[in-house]
Amino acid sequence: MIPFSPPHIDEAIIREVADTLRSGWITTGPKTKLFEKKLTDYYGSKSTLCLNSATAGLELILRWFGVKEGDEVIVPAYTYCATANVVLHCGAKAVFTDVNPSDFNISVEKIKAAITDKTKVIIPVDFAGYPCDYDEINALVNNPAIKKLFRPVSAEQQALGRILVLADSAHSIGARYKGRFTGSITDAAVFSFHAVKNLITAEGGAIALNLPPPFDNGTIYRTLAVKSLHGQNKDALAKTQKGAWRYDVVEPGYKYNMTDLAAAIGLIELSRYSEDILPKRKKIFDFYSSFFSEYSWAQIPEYENQDKKSSYHVYALRIKNISERERDDIIKEISEREVSVNVHFIPVPMMSFYHSLGYNISNYPAAFDCYSREISLPVYYDLTENQMQTVAEAVAASVKKVLEIKK
Ligand SMILES: Cc1ncc(COP(=O)(O)O)c(C=O)c1O
């Protein structure tokens, strides 16, 4: 069976993890701090805080900004549940909006229609690694009429004076928008280093900070670091300094810190990311696109144009003019040919919990259409050319079979 997305673990990673184990320092320490610095240099943000997941990063920013009951946060209907769950954790309302039929990303027109005087944050999601329309989104939150609607409550909301843009860049490390990396474009962006992502730490995530003046991103980094470790004013490393055992708890914080064991993996991954990992993924994307461009039933995903370059995270193929049921039948056929595929994503309003809150997928027709015709193909470091060919042929044969039955 060709797997969907196994991690690439080689001797370099094993050596770095073993070195960390032998160093005697396995929790948040020097390697996490180094990883934060290298990430900041890589994507060009003002500061980076590493955490144990992207989900933790999304929640920390919402908490820091003072999002609470009575507030609204705009999220795309087409995303992973984490993007919306964190909004509910804060007691606020997730306002789902529909996506662009072309690229699966949040529609700026739909954001505009969803903004109210309760909107505190917009969370665009770089689906599959493809950046959202950030110039338009940043212009929208800075539009004088929309700024006038904004009702600041917390000191942070007052200082920003407008809706915060928090990019869910879980998929998009290394992606570019008009030459700039995601992580350097919005007020804050969150990356995921979960085991199936482009750059892994087994589990992990990071917040990239780029808040405008009067904010000092170094100060916000320290505030968020305290929040991520129980509200302690010193982390484990700081407490080991001579005579520095005493600490205080300044708020009831969370337990979201990254370990040095995880950072060790991330350091190796990042050292080869732009020269090795990204080009390999692009090659797989290009192979699939060239193969499927021969078939009239194939809708090739958009992953590069003049302004945007993907991080080539998910190859989201769509089949034209099929139903959800036919898509499922095609997936069954593909798995019978020993190839693992997936669907990204089942829109969040379709999940039973969200449905029980009153959200209805019929209000997000583009998200439903994207979902019902989508099949994500294997993309991973060790996928060989022969395997790419096997995957593509399995997909083509399976589509042919299901479409013939339909006739
Ligand atoms: C779009 C999106 N946002 C957030 C997350 C959450 O990432 P993590 O597992 O690092 O919390 C994921 C994970 O798959 C995701 O796909």
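Rules used in this analysis
Residues numbered from 1 in each chain as written. Predicted model: local features only at pLDDT ≥ 70, side-chain atom pairs only at ≥ 80, totals over all residues. Buried ≥ 20, exposed ≤ 12 C-beta atoms within 10 Å, placed from the backbone. Helix = DSSP H or I, 4+ residues; strand = E, 2+ residues; numbered from the N terminus. Pairing = 2+ DSSP bridges. Axes fitted to C-alpha atoms, helices over the stretch in contact; angles between N-to-C directions. Domains from an automatic or database assignment. Contact = placed C-beta atoms within 7 Å. Nonpolar A, V, L, I, M, F, W, Y, C, P; charged D, E, K, R; others polar. Near = placed C-beta within 6 Å. Parallel < 35°, antiparallel > 145°, perpendicular 65-115°, else oblique. Left-handed = near helix turned anticlockwise from the far one by under 90°. Expected span 1.5 Å × (residues − 1). Core = buried A, V, L, I, M, F, W, Y, C linked by C-beta atoms within 7 Å.

Asker: Whenever I open this one, the pairing of strand E5 (residues 164–168) confuses me. Can you help?
Answerer: Successive residues of a regular strand alternate their side chains across the two faces of the sheet. By the criterion of burial, E5 is predominantly enclosed, with 5 of the 5 residues buried. Pairing geometry for strand E4 (residues 119–122) and E5, over 2 bridges, is parallel. Note on E5: the bridge partner recorded for valine 121 is leucine 164. In terms of strand pairing, E5 meets strand E8 (residues 188–192) through 3 bridges, oriented parallel.

Asker: What's the story with the sheet that holds E4 in this structure? I'm lost.
Answerer: Taken in spatial order, the 7 strands of this open sheet run E1-E9-E8-E5-E4-E2-E3, and their pairing is mixed. Either end of the sheet is taken by a strand with one partner, and the two such strands are strand E1 (47–51) and strand E3 (93–97). Mean inter-strand twist for the sheet, computed between neighbouring axes without regard to direction, equals 25 degrees.

Asker: How do you make sense of the environment of glutamine 306 when you look at a structure like this?
Answerer: Inspection of the secondary structure assignment puts glutamine 306 in the loop between strand E10 (298–299) and strand E11 (308–309). Here glutamine 306 falls in the exposed class, since 6 other C-beta atoms lie within 10 Å of it. Sequence separation between glutamine 306 and glycine 179 is 127 residues; the distance between their C-alpha atoms is 9.7 Å.

Asker: Teacher, can you tell me more about the domain arrangement of the protein here?
Answerer: Many structure descriptions define interface size as the accessible area lost when the parts assemble. Partitioning the protein into structural domains gives domain 1 (11–271) and domain 2 (273–406). The C-alpha-based centres of domain 1 and domain 2 are spaced at 27 Å. Taken residue by residue, the interface counts 30 residues in domain 1 and 30 residues in domain 2. Put simply, the parts of the chain that give the side of domain 1 that touches domain 2 at least two residues each are helix H4 (81–89), strand E6 (176–177) and helix H11 (260–271). Of the residues assigned to the side of domain 1 that touches domain 2, the class counts are 17 nonpolar, 8 polar and 5 charged.

Asker: What exactly am I supposed to notice about the site of the ligand here?
Answerer: Neighbouring residues of the ligand: 14 residues in total, closest Ser53, Ala54, Thr55, Ala170 and Ser192. Of all elements in the fold, only helix H3 (54–64) and H4 reach the threshold of two or more residues within the shell around the ligand. Considering only residue class, the shell around the ligand consists of 5 nonpolar, 8 polar and 1 charged.

Asker: Help me understand the packing of helix H1 (residues 11–23) against H11 in this model?
Answerer: A pair of packed helices can be characterised by two numbers: the angle between their axes and the separation between those axes. Where H1 contacts H11, the axes come no closer than 9 Å and their chain directions differ by 150 degrees. As the angle between them shows, H1 and H11 are arranged roughly antiparallel. Between H1 and H11 lies a crossing of right-handed hand. Between H1 and H11, the residues in contact are Ala12, Ile13, Glu16, Val17 and Thr20 and Asp260, Leu261, Ala264, Ile265, Leu267 and Ile268, respectively. Its residues assigned to classes, the contact of H1 with H11 shows 8 nonpolar, 1 polar and 2 charged.

Asker: I would appreciate a short explanation of H3 in the present structure.
Answerer: Within an α-helix, residues lying three or four positions from one another point in the same direction, as the helix has 3.6 residues per turn. Across the 11 residues of H3, 9 count as buried, placing the element largely inside the fold. Listed as buried for H3 are Ala54, Thr55, Ala56, Gly57, Leu58, Glu59, Leu60, Ile61 and Leu62. Remark: glycine 66 follows H3 within two positions and exhibits a positive phi of approximately 85 degrees.

Asker: Please clarify how the packing of helix H13 (residues 324–336) against helix H16 (residues 385–406) should be interpreted in this entry.
Answerer: Two elements in contact, H13 and H16, have axes whose closest approach is 8 Å; the angle formed by their N-to-C orientations is 135 degrees. With respect to their mutual orientation, H13 and H16 come out oblique. Seen along the crossing, H13 lies across H16 with a hand that is right-handed. Of the residues in H16, those in contact with Glu326, Asp329, Ile330, Glu333 and Ile334 of H13 are Ala394, Val395, Ser398, Val399, Lys401, Val402 and Lys406. Here the contact of H13 with H16 is composed, by residue class, of 6 nonpolar, 1 polar and 5 charged.

Asker: Looking at this structure, how should I read helix H2 (residues 30–43)?
Answerer: The end-to-end C-alpha separation of H2 is 20 Å, in line with the 20 Å expected for 14 residues at 1.5 Å each. Residues of H2 that are buried: Lys31, Thr32, Phe35, Glu36, Leu39, Thr40 and Tyr43. Where the residues of H2 are buried, they touch H1, E1, strand E7 (180–181), strand E9 (205–209) and H11. Backbone geometry just downstream of H2 places glycine 44 in the positive-phi region, at approximately 75 degrees.

Asker: Which parts of the structure should I look at to understand the nonpolar core?
Answerer: Most often, soluble globular proteins keep nonpolar side chains buried together rather than apart. Val121 and Ile207 are the most contacted members of the largest nonpolar core, which has 120 residues in total. Among the elements that make up this core, the one with the highest residue count is H11 (7 residues). Both of domain 1 (11–271) and domain 2 (273–406) provide at least three residues apiece to this core.

Asker: Sorry, what's going on with the environment of glycine 231 here?
Answerer: Take glycine 231: it is sitting in the loop between helix H9 (217–227) and helix H10 (236–239). Its 14 C-beta neighbours within 10 Å are what place glycine 231 among the partly exposed residues. Between the C-alpha atoms of glycine 231 and tyrosine 254, which are 23 residues apart in sequence, the distance is 7.0 Å. In this structure, glycine 231 is in contact with Val226, Val249, Val250, Glu251, Pro252 and Gly253, ignoring residues within four places of it in sequence.

Asker: So what exactly am I meant to see when it comes to the sheet that holds strand E13 (residues 374–377) here?
Answerer: Through backbone hydrogen bonds, the strands of a sheet pair up, either in parallel or in antiparallel fashion. Pairing in this open sheet of 3 strands is antiparallel, and the strands run E10-E12-E13 from one edge to the other. Each edge of the sheet is formed by a strand with only one pairing partner; in this case those strands are E10 and E13. By the bridge criterion, 2 bridges tie E10 to strand E12 (residues 315–319) in an arrangement that is antiparallel. When the bridges of E12 are listed, alanine 298 appears paired with isoleucine 319.

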